[in-house]
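Here are the chains, one letter per residue:
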Amino acid sequence: MSLKQKDPQIYKLIQAERKRQQESLNLIASENFASKEVMEALGSVLGNKYAENYPGKRYYGGCKVVDEVENLAKERVSAAFDLPLDWHINVQPYSGSPANLEVYNALLEPGDTIMSMDLASGGHLTHGSPVNFSGRTYKFVHYGLSPKSGKLDYMEILKLADRVNPKLILCGYTAYSREIDFKKFREIADKAKAIAMADISHIAGLIVGGVHSSPIPFFDVVTSTVHKTLRGPRAAIVMCKDKYAAAIDKSVFPGMQGGPHENAIAAIAVTMKEAHTRTFRKYAEQIVNNCKALAHALQDFGFKIVSEGTDNHLMIVDLTNKNITGMEAQKHLEAGGIVSSRSPIPADPRKPWDPSGVRLGTAAITSRGMKEKEMKKIASWIAAVITDRSIADQVKDEVRRFCRNFPAPGL
Ligand SMILES: *Cc1c(COP(=O)(O)O)cnc(C)c1O
């Protein structure tokens, strides 16, 4: 018997969500469409297996097959990221947030100083927000963006590092549209004798696809989710220099987690195989080209883009000249079948719950095969519903018909 017959309530909800995903334009920068193959691995019997600890030294019997799965996943991560021989990989973190906490727990003592970007400027909750375990456990000192340029100011970051002497310097963001200069961060970390950590959750697919530089030649530790631009399962990885390997493995298990999700680890392996191809490189290039095209088209409609543009898969639209808040814009857009997430702008005078901007990303719509021409169309819909809420129904109808021509992978 199928889910449809055995549990029609959940079946119907899944169908409703599928329909929503098919019929709307997903501009949420952290989302994507995993392939059928990724989902097949994720929904497989591997999820039945307990396999605490690492391949070759598990606490349970029957782990021969999952050992092979986990080793293969690690080999493929190594190939996709072109890891040097003296780097180590852990594929067990349940998701991006635990991965970050596991790294801090491995390399620092409670109360140690970490330098990172604050949430409002584009950091992540686990980068030291006071409501997160990270912020309650370590001493975070935050750098922000230059209010004038909307970009990282490496001189300011260097000065701050000089002053506060952090044990660890963290870069990698959720809402930053410019390329990160990892070499500069390395120089700053060296001066402060700090560990250099990059959280590449958002840009991992762009790095593997060769359209964003990689921190790996310069950094000590790199964490990443697998479900954003990489288009994989909800899961995360940690990559680090060998000298941190033992501490990080111990921190992931038994320090913070129990049994690894071998189904998710198999799906990571599938993702890395998909990502280590010419097709994926083309995909990554198209994400960035689409993002630039969407930003330009929006600028032509009078929208202000933070830092005047983008180098990656996302942009922050500053709505202060449009007489609408981020929350209202997000609602108008959704009424028109366009899904986005509201976002603060640098030095935002408004509160995070209802900030002054929206964040738009092109990873998911690029997975549907949309190109520059479609970005112009999308910009015109965005401009239309933000200016006039009353036409949202009409736009929603047009978006639904438009989406039929661009079937999403895995749906
Ligand atoms: C998404 C993200 C995370 C957290 O990932 P979850 O899987 O939601 O826990 C951590 N750091 C950054 C920079 C992210 O963008």
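How each quantity is defined
- Residues numbered from 1 in each chain as written.
- Predicted model: local features only at pLDDT ≥ 70, side-chain atom pairs only at ≥ 80, totals over all residues.
- Heavy atoms only, no water.
- UniProt positions renumbered as here; feature names shortened; annotations may be inferred.
- Helix = DSSP H or I, 4+ residues; strand = E, 2+ residues; numbered from the N terminus.
- Contact = heavy atoms within 4.5 Å.
- Near = heavy atom within 4 Å.
- Polar contact = N/O pair within 3.5 Å; in protein donor to acceptor, adjacent residues only side chain to side chain.
- Areas by Shrake-Rupley, 256 points an atom, 1.4 Å probe, with all protein chains shown as cover.
- Nonpolar A, V, L, I, M, F, W, Y, C, P; charged D, E, K, R; others polar.
- Pairing = 2+ DSSP bridges.
- Axes fitted to C-alpha atoms, helices over the stretch in contact; angles between N-to-C directions.
- Core = buried A, V, L, I, M, F, W, Y, C linked by side-chain atoms within 4.5 Å.
- Buried < 20%, exposed > 50% of the residue type's maximum accessible area, 1.4 Å probe, protein only.
- Domains from an automatic or database assignment.
- Patch = residues over 30% accessible without salt bridge, like charges linked within 9 Å, V, L, I, M, F, W, Y side chains within 5 Å.
- Salt bridge = Lys/Arg side-chain N within 4 Å of Asp/Glu carboxyl O.
- Left-handed = near helix turned anticlockwise from the far one by under 90°.
- Disulfide = S-S within 2.5 Å.
- Expected span 1.5 Å × (residues − 1).

The name an unreviewed UniProt entry assigns to the protein is Serine hydroxymethyltransferase. As recorded by UniProt, the Subcellular location (unreviewed entry) comment attached to the protein reads in full: "Cytoplasm".

## Comments concerning the UniProt feature "binding site: (6S)-5,6,7,8-tetrahydrofolate" (unreviewed entry) in the protein
The positions UniProt marks with the feature "binding site: (6S)-5,6,7,8-tetrahydrofolate" (unreviewed entry) are Leu119, Gly123, His124 and Leu125. Checked against the element boundaries, Gly123 lands in the loop between strand S3 (113-117) and helix H6 (133-137). Those residues within four positions of Gly123 in sequence are excluded, and the remaining contacts are Met117, Asp118 and Thr174. By the element assignment, Leu125 lies in the loop between S3 and H6.

## Quick word on the site of the ligand
Every one of the 13 residues lining the ligand counts as a neighbour, but Ser95, Ser97, Asp199, His202 and Lys228 are closest to it. His227 places a polar side-chain atom, nitrogen or oxygen, 3.5 Å from an oxygen atom of the ligand. In the complex, 87% of the free accessible area of the ligand, which totals 380 Å², lies under the protein chains. Per-element accounting of the shell around the ligand gives the leading share, three residues, to helix H5 (residues 96-107). Among the residues forming the shell around the ligand, the class breakdown is one nonpolar, ten polar and two charged.

## Re the sheet that holds S3
Spatial strand order, S2-S8-S7-S6-S5-S3-S4: seven strands in an open sheet with mixed pairing. Looking at the sheet topology across the chains shown, the edges are occupied by strand S2 (87-90) and strand S4 (139-143). With direction set aside, neighbouring strand axes in the sheet form an average angle of 20°. The sheet contact formed by strand S5 (residues 168-171) and strand S6 (residues 195-199) spans four bridges and is parallel.

## Re the nonpolar core
Phe81, Tyr143, Leu152, Phe185, Ile200 and Met239 are the most contacted members of the largest nonpolar core, which has 68 residues in total. Ranked by residues supplied to this core, first place goes to helix H11 (residues 262-275) with eight residues. Two domains each put at least three residues into this core: domain 1 (40-275) and domain 2 (280-403). With residues near it in sequence (within four places) discarded, Leu152 still touches Met117, Tyr143, Leu145, Ile157, Tyr173, Tyr176 and Phe185. Counting residues in hydrophobic clusters, the runner-up holds 36 residues, among them Leu298, Ile305, Ala335 and Val385.

## What to know about a nonpolar patch on the surface
On the surface, Leu3, Ile10, Leu13 and Ile14 cluster together to form a nonpolar patch covering roughly 360 Å² of accessible area. The dominant element in the nonpolar patch, judged by the number of residues it contributes, is helix H2 (residues 8-23), at three residues. Position of Ile14 relative to the elements: it lies in helix H2. For Ile14, a relative accessible area of 41% corresponds to the partly exposed category.

## Topic: the packing of H5 against helix H10 (residues 245-256)
One way to put it is that H5 packs onto H10 with a least axis distance of 8 Å and a crossing angle of 115°. As for how H5 packs across H10, the hand of that crossing is right-handed. Across the interface between the two elements, Leu101, Glu102, Val103, Asn105 and Ala106 of H5 pack against Ala247, Ile248, Ser251, Val252 and Met256 of H10. The residue makeup of the contact of H5 with H10, split by class, is seven nonpolar, two polar and one charged.

## Description of the state of the cysteines
Taken as a whole and assessed by the stated rule, the structure comprises zero disulfides. No disulfide involves Cys240; its sulfur sits 16 Å from that of Cys171, the nearest cysteine. Here Cys240 falls in the buried class, since its relative accessible area comes to 1%.

## Points about the sheet that holds strand S9 (residues 304-305)
Read across the open sheet, the four strands follow the order S9-S10-S13-S12; overall the sheet is antiparallel. Sheet topology places S9 and strand S12 (341-343) at the edges, where each strand pairs with a single neighbour. Pairing of S12 with strand S13 (residues 357-361), which is carried by three bridges, proceeds in the antiparallel orientation. Bridge pairing links Ser341 to Arg359 in S13.

## Concerning helix H12 (residues 278-300)
Along its 23 residues, H12 runs 33 Å from first to last C-alpha, staying within 8% of the 33 Å computed at 1.5 Å per residue. Once H12 ends, the next one or two residues include Gly302, with phi positive near 85°.

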